[in-house]
Amino acid sequence: MEKFKLVPVGVVRHLEEGTLLEIYPEFAEAIDGLNEGDRILLLLWFHESDNPERRKILKVHPRGDTQSPLRGVFATRSPVRPNPIAIYNVRIIKIKDAKIFINEIDTFDGTPVVDIKPFVKKLDCPEEI
């Protein structure tokens, strides 16, 4: 299997004033065009869930509820997966320098940001044909 490398563009920070994405200086120009109030798709690397044993787990109880039947991880939002990539749809509250303030998300402080994409309703919520 061919390997490839993901380069973090920043990290999630949980501060008293709220949750923010601290974008690394070398990627700061990539923020241009994002605005307060915009919705974005945030892709993160769940580094706290990343180890060889957890990557091999292919079935989980949804939301950790052992009363629910086991399901394949691709049918869940579990952080335990072959590649612990998380996706969030969040609103930009404020942008200051290379910091994007967003609504609160359930991540660890320091979680790597893999990518940011604009939420485009036509593409991200296509109507049924």
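Residues numbered from 1 in each chain as written. Predicted model: local features only at pLDDT ≥ 70, side-chain atom pairs only at ≥ 80, totals over all residues. Heavy atoms only, no water.

A. Structural detail: the packing of aromatic side chains. Taken as a whole, this structure holds 0 aromatic pairs when the rule is applied. Sitting over the face of the ring of Phe101, Lys94 holds its NZ or CZ atom 4.5 Å from the ring centroid. (Phe/Tyr/Trp six-rings, centres within 6.5 Å; stacked < 30°, edge-to-face > 60°. Lys NZ or Arg CZ within 6 Å of the ring centre and 35° of its normal.)

B. View of the environment of Leu34. Along the chain, Leu34 falls in the loop between strand 2 (18-23) and strand 3 (39-45). Spatially, the C-alpha atom of Leu34 lies 9.3 Å from that of Ile100, the residues being 66 residues apart in sequence. With near-sequence residues (within four places) excluded, Leu34 lies in contact with Ile40, Ile92, Ile95, Ile100 and Ile116. (Helix = DSSP H or I, 4+ residues; strand = E, 2+ residues; numbered from the N terminus. Contact = heavy atoms within 4.5 Å.)

C. Quick peek at unusual backbone geometry. Its identity is not glycine, yet Asp97 carries a phi of approximately 55 degrees, on the positive side. By the secondary structure assignment, Asp97 is in the loop between strand 6 (85-96) and strand 7 (99-102). Overall, Asp97 belongs to the exposed group, its relative accessible area being 68%. (Buried < 20%, exposed > 50% of the residue type's maximum accessible area, 1.4 Å probe, protein only.)

D. Just the pairing of strand 6, in detail. Direction of pairing for strand 3 relative to strand 6: antiparallel, over a ladder of 7 bridges. Opposite Trp45, over in strand 6, you have Ile85 as the bridge partner. Pairing of strand 6 with strand 7 involves 4 bridges; the strand directions are antiparallel. Bridge assignment links Ile92 to a residue of strand 7, and that residue is Ile102. Where strand 6 folds back on strand 7, the antiparallel hairpin that results is connected by 2 residues, among which Asp97 adopts a positive phi of roughly 55 degrees. (Pairing = 2+ DSSP bridges.)

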